[in-house]
Amino acid sequence: MRIRDDHRPGPAAAPARHQVPPMYTPRLRMRSRSSADRYIDGAWWPRSDDLAAELPDLLAVLSVRLGPVWRVVYDASCWAQAPARITVAGETVRLDSYHFEVWNTMYVFGRDASMLVLQVIPADTDEHLAHESLMAAASDAPEPEAAPEAPERPRHITNHQAMGAPDQDRQPFDIPTRTPRLLLRAHESHAELFDGAWWPRTANLTAELHDLISALTPRLGRTARISFDWNATSRNQRRIDHPDDVDLQAPDVDQLPDTMHLVGVDGIHLTLLVIAADTPADVANAQLLHAAGRVTHHPPTG
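Reference entry: report on the structure contained in this document. Only a predicted model underlies this, so the values are computations on that prediction, with no experimental measurement involved. Here, residues in each chain are numbered from 1, in the same order as that chain's written sequence. This being a predicted model, a pLDDT of at least 70 is required before a residue's local features are given, and a value of 80 or more before pairs of side-chain atoms are given or counted; all residues contribute to the totals for chains, interfaces and linings. Side-chain measures here rest on the full set of heavy atoms in the structure, leaving out hydrogens and waters.

Notes on the sheet that holds strand β13 (residues 269-274)
(1) Moving on: Here we have 6 strands laid out as an open sheet, ordered β8-β9-β13-β12-β10-β11, and mixed in their pairing. One side of each edge strand has no neighbouring strand; the edge strands of this open sheet are β8 (182-184) and β11 (247-249). Looking at each pair of strands side by side, their axes are set apart by 25° on average, direction ignored.
(2) Moving on: In terms of strand pairing, strand β12 (residues 259-264) meets β13 through 5 bridges, oriented antiparallel. By the bridge assignment, Val-263 is partnered in β13 with His-269.
(3) Moving on: Should any heavy atoms of two residues lie within 4.5 Å, those residues are counted as being in contact. All axes here are fitted lines through C-alpha atoms, helices being fitted over the stretch that makes contact, and every angle between N-to-C directions spans 0 to 180 degrees. Helix and strand definitions here come from DSSP, where helices need a minimum of 4 consecutive H or I residues and strands a minimum of 2 consecutive E residues; each element is numbered from the N-terminal end. Where helix α3 (residues 209-220) meets the sheet, its contacts fall on β8, β9 (196-198), β10 (223-227), β11, β12 and β13, and the angle it forms with β13 comes to roughly 140°. Strand pairing follows a simple DSSP-based rule, namely that at least 2 bridges must link the two strands.

In C-alpha coordinates form, the structure reads like this:
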(Lines give C-alpha, C1' and ligand atoms only; values in the text may rest on other atoms or scores of the structure.)
Protein backbone atom coordinates (compact mmCIF):
# COMPACT_ATOMS: atom_id res chain seq x y z
CA MET A 1 0.00 0.00 0.00
CA ARG A 2 1.33 3.41 -0.89
CA ILE A 3 -0.19 6.40 0.87
CA ARG A 4 -3.30 7.68 2.51
CA ASP A 5 -4.66 11.10 1.69
CA ASP A 6 -6.07 13.37 4.40
CA HIS A 7 -9.04 14.20 2.15
CA ARG A 8 -10.76 10.84 2.15
CA PRO A 9 -14.45 10.05 2.44
CA GLY A 10 -15.88 9.31 5.87
CA PRO A 11 -16.70 5.82 7.11
CA ALA A 12 -20.24 5.98 5.73
CA ALA A 13 -19.18 6.90 2.19
CA ALA A 14 -18.55 3.28 1.16
CA PRO A 15 -18.58 -0.20 2.70
CA ALA A 16 -15.41 -1.51 4.27
CA ARG A 17 -14.72 -3.69 1.27
CA HIS A 18 -16.36 -5.21 -1.78
CA GLN A 19 -18.77 -7.60 -0.12
CA VAL A 20 -19.13 -10.27 -2.81
CA PRO A 21 -16.50 -13.03 -2.41
CA PRO A 22 -14.55 -14.12 -5.50
CA MET A 23 -16.15 -16.79 -7.68
CA TYR A 24 -12.68 -18.18 -8.40
CA THR A 25 -9.64 -17.63 -6.20
CA PRO A 26 -7.37 -15.34 -8.23
CA ARG A 27 -3.85 -16.53 -8.96
CA LEU A 28 -2.28 -13.76 -6.92
CA ARG A 29 0.81 -13.39 -4.75
CA MET A 30 1.43 -10.27 -2.64
CA ARG A 31 4.40 -9.00 -0.71
CA SER A 32 4.02 -8.33 2.99
CA ARG A 33 2.84 -4.90 4.10
CA SER A 34 6.31 -4.26 5.51
CA SER A 35 7.91 -4.31 2.03
CA ALA A 36 7.47 -0.57 1.52
CA ASP A 37 10.85 -0.25 -0.20
CA ARG A 38 9.67 -2.23 -3.23
CA TYR A 39 7.68 -0.59 -6.01
CA ILE A 40 5.86 -3.75 -7.11
CA ASP A 41 3.48 -5.03 -4.42
CA GLY A 42 2.78 -8.41 -5.99
CA ALA A 43 1.89 -10.36 -9.12
CA TRP A 44 -1.34 -11.60 -10.70
CA TRP A 45 -1.80 -14.34 -13.30
CA PRO A 46 -5.30 -13.96 -14.80
CA ARG A 47 -7.05 -16.82 -16.59
CA SER A 48 -7.91 -14.84 -19.76
CA ASP A 49 -7.34 -11.50 -21.46
CA ASP A 50 -10.88 -10.34 -20.65
CA LEU A 51 -10.17 -7.62 -18.09
CA ALA A 52 -13.80 -6.94 -17.22
CA ALA A 53 -14.37 -10.63 -16.48
CA GLU A 54 -11.15 -11.14 -14.53
CA LEU A 55 -11.19 -8.04 -12.31
CA PRO A 56 -14.14 -8.78 -9.96
CA ASP A 57 -12.44 -11.79 -8.37
CA LEU A 58 -9.15 -9.89 -8.08
CA LEU A 59 -10.73 -6.81 -6.51
CA ALA A 60 -12.66 -8.91 -4.02
CA VAL A 61 -9.32 -10.11 -2.66
CA LEU A 62 -7.44 -6.79 -2.94
CA SER A 63 -10.20 -4.96 -1.08
CA VAL A 64 -9.01 -6.67 2.11
CA ARG A 65 -5.92 -4.45 1.89
CA LEU A 66 -7.23 -1.48 -0.11
CA GLY A 67 -10.87 -1.21 0.86
CA PRO A 68 -13.29 -0.49 -2.02
CA VAL A 69 -11.49 0.07 -5.32
CA TRP A 70 -12.56 2.96 -7.55
CA ARG A 71 -9.94 2.90 -10.35
CA VAL A 72 -7.66 0.48 -12.22
CA VAL A 73 -4.92 1.68 -14.60
CA TYR A 74 -3.71 -1.02 -17.00
CA ASP A 75 -1.56 -1.65 -20.08
CA ALA A 76 -4.00 -1.78 -23.01
CA SER A 77 -1.61 -3.78 -25.20
CA CYS A 78 -1.94 -6.80 -22.91
CA TRP A 79 -5.73 -7.08 -22.76
CA ALA A 80 -8.69 -7.41 -25.09
CA GLN A 81 -10.80 -4.28 -25.42
CA ALA A 82 -12.33 -3.35 -22.07
CA PRO A 83 -15.14 -0.96 -21.09
CA ALA A 84 -14.46 2.37 -19.38
CA ARG A 85 -16.27 1.24 -16.22
CA ILE A 86 -17.45 -1.94 -14.59
CA THR A 87 -19.61 -2.61 -11.54
CA VAL A 88 -18.19 -4.79 -8.78
CA ALA A 89 -20.45 -5.64 -5.82
CA GLY A 90 -22.58 -2.59 -6.59
CA GLU A 91 -19.60 -0.23 -6.77
CA THR A 92 -18.46 1.50 -9.97
CA VAL A 93 -14.82 0.89 -10.88
CA ARG A 94 -13.20 3.09 -13.51
CA LEU A 95 -10.85 1.39 -16.00
CA ASP A 96 -8.14 3.53 -17.63
CA SER A 97 -5.75 2.21 -20.25
CA TYR A 98 -2.32 3.83 -20.53
CA HIS A 99 0.10 2.72 -23.20
CA PHE A 100 3.11 4.09 -21.31
CA GLU A 101 2.73 1.34 -18.69
CA VAL A 102 5.38 -1.05 -20.01
CA TRP A 103 5.70 -4.69 -18.95
CA ASN A 104 2.00 -5.02 -18.08
CA THR A 105 2.10 -3.06 -14.82
CA MET A 106 -1.29 -2.44 -13.20
CA TYR A 107 -2.19 0.25 -10.66
CA VAL A 108 -5.18 -0.40 -8.36
CA PHE A 109 -6.53 2.60 -6.41
CA GLY A 110 -8.58 2.43 -3.23
CA ARG A 111 -11.10 5.11 -2.27
CA ASP A 112 -8.90 6.40 0.56
CA ALA A 113 -6.05 7.22 -1.92
CA SER A 114 -4.18 3.99 -1.20
CA MET A 115 -2.62 2.18 -4.16
CA LEU A 116 -1.21 -1.23 -5.05
CA VAL A 117 1.08 -1.93 -8.02
CA LEU A 118 0.86 -5.36 -9.62
CA GLN A 119 2.95 -7.14 -12.20
CA VAL A 120 0.43 -8.91 -14.45
CA ILE A 121 1.59 -12.18 -15.98
CA PRO A 122 -0.08 -12.85 -19.36
CA ALA A 123 -2.78 -15.50 -19.17
CA ASP A 124 -1.13 -17.74 -21.80
CA THR A 125 2.20 -17.91 -19.95
CA ASP A 126 3.59 -21.40 -19.38
CA GLU A 127 2.48 -22.67 -15.97
CA HIS A 128 6.01 -23.25 -14.67
CA LEU A 129 7.22 -19.81 -15.75
CA ALA A 130 4.09 -18.15 -14.39
CA HIS A 131 4.54 -19.82 -11.01
CA GLU A 132 8.18 -18.70 -10.83
CA SER A 133 7.16 -15.14 -11.71
CA LEU A 134 4.43 -15.13 -9.07
CA MET A 135 6.79 -16.30 -6.36
CA ALA A 136 9.58 -13.92 -7.39
CA ALA A 137 7.29 -10.89 -7.47
CA ALA A 138 5.94 -11.70 -4.00
CA SER A 139 9.33 -12.33 -2.44
CA ASP A 140 10.47 -9.93 0.28
CA ALA A 141 14.09 -10.88 -0.35
CA PRO A 142 16.42 -8.37 -2.07
CA GLU A 143 16.23 -8.41 -5.86
CA PRO A 144 18.97 -10.63 -7.29
CA GLU A 145 21.22 -9.07 -9.89
CA ALA A 146 21.13 -10.80 -13.26
CA ALA A 147 24.20 -12.57 -14.52
CA PRO A 148 25.61 -11.40 -17.88
CA GLU A 149 25.27 -14.91 -19.30
CA ALA A 150 21.47 -14.83 -18.80
CA PRO A 151 20.27 -12.04 -21.12
CA GLU A 152 16.66 -13.15 -20.85
CA ARG A 153 16.62 -12.01 -17.20
CA PRO A 154 16.71 -8.35 -16.08
CA ARG A 155 20.14 -6.83 -16.68
CA HIS A 156 22.22 -4.60 -14.46
CA ILE A 157 21.61 -0.89 -14.93
CA THR A 158 24.67 -0.05 -16.99
CA ASN A 159 25.71 2.00 -20.00
CA HIS A 160 23.67 1.79 -23.17
CA GLN A 161 26.22 -0.34 -24.95
CA ALA A 162 24.62 -3.30 -23.13
CA MET A 163 21.34 -2.57 -24.91
CA GLY A 164 22.59 -3.25 -28.45
CA ALA A 165 25.24 -2.69 -31.09
CA PRO A 166 26.21 0.91 -31.96
CA ASP A 167 24.03 0.98 -35.07
CA GLN A 168 21.03 0.03 -32.92
CA ASP A 169 21.35 2.89 -30.42
CA ARG A 170 18.64 4.94 -32.08
CA GLN A 171 14.99 5.25 -31.21
CA PRO A 172 13.05 3.08 -30.76
CA PHE A 173 15.51 1.62 -28.28
CA ASP A 174 15.91 -2.03 -27.39
CA ILE A 175 13.98 -3.81 -24.63
CA PRO A 176 14.17 -1.73 -21.43
CA THR A 177 16.62 -2.78 -18.74
CA ARG A 178 13.89 -2.35 -16.11
CA THR A 179 10.41 -0.89 -16.00
CA PRO A 180 10.72 2.84 -15.23
CA ARG A 181 9.03 4.04 -12.06
CA LEU A 182 6.86 6.53 -13.92
CA LEU A 183 3.36 7.96 -13.63
CA LEU A 184 1.77 10.38 -16.12
CA ARG A 185 -1.29 12.59 -16.07
CA ALA A 186 -4.10 12.06 -18.54
CA HIS A 187 -3.73 13.76 -21.92
CA GLU A 188 -6.27 16.46 -21.07
CA SER A 189 -4.34 17.70 -18.02
CA HIS A 190 -1.65 19.76 -19.79
CA ALA A 191 -2.58 22.93 -17.86
CA GLU A 192 -1.05 21.42 -14.72
CA LEU A 193 2.47 22.13 -13.45
CA PHE A 194 3.74 18.61 -14.20
CA ASP A 195 2.78 16.02 -16.79
CA GLY A 196 3.91 13.33 -14.39
CA ALA A 197 6.85 12.15 -12.31
CA TRP A 198 9.82 9.81 -12.66
CA TRP A 199 11.60 8.08 -9.77
CA PRO A 200 14.91 6.71 -11.09
CA ARG A 201 16.66 3.88 -9.28
CA THR A 202 20.15 5.45 -9.19
CA ALA A 203 21.80 8.87 -9.38
CA ASN A 204 23.08 7.90 -12.83
CA LEU A 205 20.07 9.18 -14.75
CA THR A 206 21.56 8.77 -18.22
CA ALA A 207 22.02 5.04 -17.58
CA GLU A 208 18.24 4.77 -17.18
CA LEU A 209 17.35 7.31 -19.85
CA HIS A 210 16.62 4.88 -22.69
CA ASP A 211 14.14 3.03 -20.48
CA LEU A 212 12.37 6.31 -19.71
CA ILE A 213 12.31 7.38 -23.37
CA SER A 214 10.90 4.00 -24.43
CA ALA A 215 8.07 4.32 -21.90
CA LEU A 216 7.29 7.89 -23.01
CA THR A 217 7.33 7.21 -26.77
CA PRO A 218 3.56 6.51 -27.09
CA ARG A 219 2.89 9.93 -25.54
CA LEU A 220 5.86 12.02 -26.76
CA GLY A 221 6.84 10.36 -30.01
CA ARG A 222 10.55 10.26 -30.78
CA THR A 223 12.48 12.30 -28.20
CA ALA A 224 14.63 15.10 -29.62
CA ARG A 225 15.80 17.08 -26.57
CA ILE A 226 15.91 16.72 -22.79
CA SER A 227 16.73 19.65 -20.49
CA PHE A 228 17.75 18.89 -16.92
CA ASP A 229 20.33 19.77 -14.26
CA TRP A 230 22.52 16.73 -14.95
CA ASN A 231 24.88 15.69 -12.15
CA ALA A 232 28.52 14.75 -12.72
CA THR A 233 27.77 11.02 -12.73
CA SER A 234 25.15 11.42 -15.45
CA ARG A 235 27.41 13.66 -17.54
CA ASN A 236 30.30 11.20 -17.30
CA GLN A 237 28.00 8.33 -18.27
CA ARG A 238 26.90 10.26 -21.33
CA ARG A 239 30.50 10.55 -22.53
CA ILE A 240 30.89 6.76 -22.82
CA ASP A 241 27.47 6.02 -24.33
CA HIS A 242 26.97 5.53 -28.05
CA PRO A 243 25.35 8.50 -29.85
CA ASP A 244 21.56 8.15 -29.79
CA ASP A 245 20.28 11.34 -31.48
CA VAL A 246 18.92 12.70 -28.18
CA ASP A 247 20.21 16.20 -27.32
CA LEU A 248 20.85 16.51 -23.56
CA GLN A 249 20.98 20.14 -22.43
CA ALA A 250 21.23 22.24 -19.28
CA PRO A 251 17.96 23.53 -17.76
CA ASP A 252 15.88 25.97 -19.79
CA VAL A 253 15.40 29.54 -18.64
CA ASP A 254 12.95 29.60 -15.68
CA GLN A 255 12.87 25.80 -15.54
CA LEU A 256 11.89 24.70 -12.03
CA PRO A 257 14.39 22.73 -9.90
CA ASP A 258 14.07 18.93 -10.02
CA THR A 259 12.07 19.07 -13.25
CA MET A 260 12.92 17.58 -16.62
CA HIS A 261 11.75 19.06 -19.92
CA LEU A 262 11.38 16.57 -22.77
CA VAL A 263 10.64 17.67 -26.35
CA GLY A 264 9.66 15.32 -29.15
CA VAL A 265 10.68 15.70 -32.78
CA ASP A 266 7.10 16.80 -33.52
CA GLY A 267 7.26 19.58 -30.92
CA ILE A 268 5.33 17.80 -28.16
CA HIS A 269 6.51 18.87 -24.68
CA LEU A 270 6.41 16.98 -21.39
CA THR A 271 7.50 18.22 -17.96
CA LEU A 272 8.36 15.57 -15.39
CA LEU A 273 9.09 15.93 -11.70
CA VAL A 274 12.28 13.93 -11.08
CA ILE A 275 12.34 12.34 -7.63
CA ALA A 276 15.76 11.64 -6.12
CA ALA A 277 16.67 7.95 -6.24
CA ASP A 278 17.35 7.80 -2.48
CA THR A 279 13.95 9.23 -1.53
CA PRO A 280 12.12 6.98 0.98
CA ALA A 281 9.54 4.84 -0.77
CA ASP A 282 6.49 6.27 0.99
CA VAL A 283 7.58 9.84 0.21
CA ALA A 284 8.44 9.00 -3.41
CA ASN A 285 5.12 7.25 -3.98
CA ALA A 286 3.25 10.25 -2.55
CA GLN A 287 5.17 12.55 -4.92
CA LEU A 288 4.48 10.27 -7.90
CA LEU A 289 0.76 10.31 -7.20
CA HIS A 290 0.63 14.05 -6.52
CA ALA A 291 2.56 14.98 -9.69
CA ALA A 292 0.26 12.73 -11.73
CA GLY A 293 -2.85 14.31 -10.20
CA ARG A 294 -4.00 11.10 -8.54
CA VAL A 295 -4.78 12.39 -5.02
CA THR A 296 -5.80 16.03 -5.40
CA HIS A 297 -9.54 15.33 -5.52
CA HIS A 298 -12.00 12.90 -4.00
CA PRO A 299 -12.49 9.76 -6.09
CA PRO A 300 -15.81 9.68 -7.93
CA THR A 301 -18.77 8.16 -6.15
CA GLY A 302 -20.38 6.63 -9.22
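Section: the pairing of strand β6 (residues 105-110)
(1) Moving on: Partly exposed describes any residue whose relative accessible area lies between the buried limit of under 20% and the exposed limit of over 50%, with all areas from a 1.4 Å probe on protein chains only and scaled to the type maximum. With 6 of its 6 residues buried, β6 lies for the most part within the structure.
(2) Moving on: What you see with β6 is no split at all: Thr-105, Tyr-107 and Phe-109 on one side and Met-106, Val-108 and Gly-110 on the other are buried throughout.
(3) Moving on: Sheet analysis places strand β3 (residues 69-74) next to β6, joined by 4 bridges and oriented antiparallel. Bridge pairing in β6 places Val-73 opposite Tyr-107.
(4) Moving on: Pairing of β6 with strand β7 (residues 115-120) involves 5 bridges; the strand directions are antiparallel. Paired with Thr-105 across the bridge in β7 is Gln-119.

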